[in-house]
Each structure stands twice: as structure tokens, then as C-alpha cells.
Amino acid sequence: MPPTHLRRALAVSATAAALTVPLLGAAPAEPAARVASAAPVVPVVPAVPVVPADVVDDYYADAEGLTGEPLKQALHEIISTDVTTLTYSQVWDALKVTDRDPADPDSVILLYTGLSRDADANGGNVGQWNREHVWPQSHGDFGTSPGPGTDLHHLRPSDVQVNSDRGNKDFDEGGTESPRAPGNYTDADSWEPRDEVKGDIARMALYMAVRWEGGDGFADLEVNDSTGNGSVPYLGRLSTLLDWHAQDPPSAAEEARNATVFEDFQGNRNPFVDHPEWVEEIW
Ligand SMILES: [Ca+2]
Ligand SMILES: [Ca+2]
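All figures in this text were calculated on a predicted structure; none of them were measured in a lab. Numbering of residues begins from 1 in every chain and follows the order in which that chain's sequence is written. Both sets of labels track the order of writing: A upward for chains, 1 upward for ligands. Predicted model: local features are reported for residues with pLDDT of at least 70 only, side-chain atom pairs are reported and counted for 80 or more only, and whole-chain, interface and lining totals are derived from all residues.

On to the pairing of strand E5 (residues 155-159), then. Any residue surrounded by 20 or more other C-beta atoms within 10 Å of its C-beta is treated as buried, while 12 or fewer makes it exposed and the intermediate range makes it partly exposed; C-beta atoms here are placed from the backbone. Secondary structure counts use DSSP, requiring at least four H or I residues in a row for a helix and at least two E residues in a row for a strand, with both numbered from the N terminus. Judged by how many residues are buried, E5 sits mostly within the fold: five of five residues are covered. Covered by surrounding structure in E5 are Leu155, Pro157 and Asp159 together with Arg156 and Ser158, the residues of both alternating faces. Of the pairings in the sheet, the one linking strand E4 (residues 129-133) to E5 comprises five bridges and is antiparallel in character. The partner of His133 across the bridge, within E5, is Leu155. Any two strands with at least two DSSP-identified bridges between them are counted as paired.

Structure (C-alpha cells):
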């Protein structure tokens, strides 16, 4: 039996092979047999914009060694300095880049369904995609003027109807499965996204709580442990978000998106994608 890490690598290769080989009606071989017989496969990794590690280290230099509230304050300063703020109409074009389908450059990946949709099918009608505010506009009443409402770090393409189904609900586990977005669950006061984006959503919410601290014409956004927050500038449920952050660590695709927002659009980064360990230093 190979060492654990090698078995994992082989399993990944087998999965990649399974995804690229069309199934022609025959039942797929047992995974073990596939591992034994398959030629080595290089996993397909999305192209990641190159941001050298020393550039990222320099970016966070002022946060080095800090914990708790001082860390949060230092990160706020860092991610609020030299930021380019987009207009709401510019967000359309930005999302076509930041959320481009790696398998089809003319499409975007929708946040809750994970499906690919024509990038030009943006709008407000059934069958189109629109700009989902992961931190709902009503939680702080920031609208869509340049600021929190146009911050790409929490804006994602979503199917128009699924966006409406999520509404301004807080995040938490439970409910019934969404018929339009299988893998997502909802009840009267919360929305549970599919597993693949649970951590992404947690890190988006935590970023927003640090980026927006009041004193700039917008509310001080904060995470709390409630659902049903409505129009107060809070988003929950924090304990669930922390679980999701731990369950679903940053992926290569999430890191690539962070780099694209930094390099091509806003000039700032999500610290919790770069340093997942900082979440428990603050919360
Ligand atoms: Ca993820
Ligand atoms: Ca805040």
C-alpha cells in the first residue's frame, strides 16, 4: 500500500481521468482498478495569475505578528488602501473575467448552482445571470453605489431566480433543498450553499466585516451569530461560517480569483484566502 499522500495523489489522478474520458455506456471500472491501470495523469489546474509570494508577503507586512482586534484593524488598513472602487455597471464586465469558466472562456460559473452560463446572458430575466451580493445590500443598506455594493470580493454571478430565492437571508445549515439549485438548502431565515462554496462564502463574509468598518459613509458591517438579521448591518451565522471555513479551505480557483481581483480590478486582496489561519486569530 503506498503512503497516504501518494494514494491521495493517485485518487486525484483517477478522478481527473474519469472526468476527461467519456463514458460509453459501460459501467466505470472500480476506482482501485483504474488507479492500477491508468497512465499518470497531470491534474488540470486553472491558470493562476502570477502574484509572486514576496509581493503577497509585502502586502501583509503591517499585519505581521498581530492577533485579535489589532490584526483586524491592521488588515482593514491594508485592504482599504489604494483600492480601485468600481461602478455597479463595471461589475458586469469584471465578473465575466473573475468568474470565467476555465473550460469555456465565453461563460461564467454561477455561484450556487455551479453551472456554466453564457457570459453575455447577463440581466434580470428568467434564464439570465445577475450580480449576487453574498453580503446582502439590505444588511447595512449600502445599495449599489460604489462601495460595499460594488466590492468584487463578495459579488458573484448567480442565476436570476436563485438569487431571488436566496434573497437577503443569513447563512446557516438546514431547510429543504432548493429545486432550482440542488445541493443548496433553505428555510424561512437562512440559506445553506452547496458544499463546494461553503468556505468561499464564509471568507467573503469575513472579508466584508474587515473591509467595511464605518466612517466612510457606509455602515460598519459585522458578522454575528444570528439569523434573521434583516436590515441591520450584520450577517450570520458566525459559528456556521467558521465551520464552513474549516470544512472548505481555499482552492486553487478561489486563490486565482483573489489574484485577479487584486491585479486587474480592485488592487486589494481577501486576507482569509491568503491566510486562512487569521480567521481564528480574529474570531
Ligand atoms: Ca470551496
Ligand atoms: Ca466591520
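Pairing is mixed in the open sheet, where four strands are placed in the order E6-E9-E8-E7. Lying at the two open borders of the sheet, with one neighbouring strand each, are strand E6 (170-171) and strand E7 (176-177). When E7 meets strand E8 (residues 185-186), the two strands line up antiparallel, connected through two bridges. Along E8, the bridge assignment pairs Glu177 with Tyr185.

It is worth spelling out the nonpolar core at this point. The nonpolar side chains of soluble globular proteins are, as a tendency, buried together. The nonpolar core is taken to be a set of buried Ala, Val, Leu, Ile, Met, Phe, Trp, Tyr and Cys residues joined by way of C-beta atoms within 7 Å. In this structure, Ile201, Ala205, Leu206, Met208, Ala209, Val223 and Leu241 are the most contacted members of the largest nonpolar core, which totals 45 residues. At the level of elements, helix H4 (68-79), helix H5 (88-98), strand E2 (104-109), helix H7 (198-211), strand E11 (234-235), helix H8 (238-247), helix H9 (252-265) and helix H10 (271-274) are the ones that each hand at least two residues to this core. Residue contributions to this core peak at nine residues, all from H7. Whether two residues are in contact is decided by their C-beta atoms, placed from the backbone, lying within 7 Å. Residues contacting Ile201, with those up to four places away along its chain left out, are Val134, Phe171, Pro193 and Trp244.

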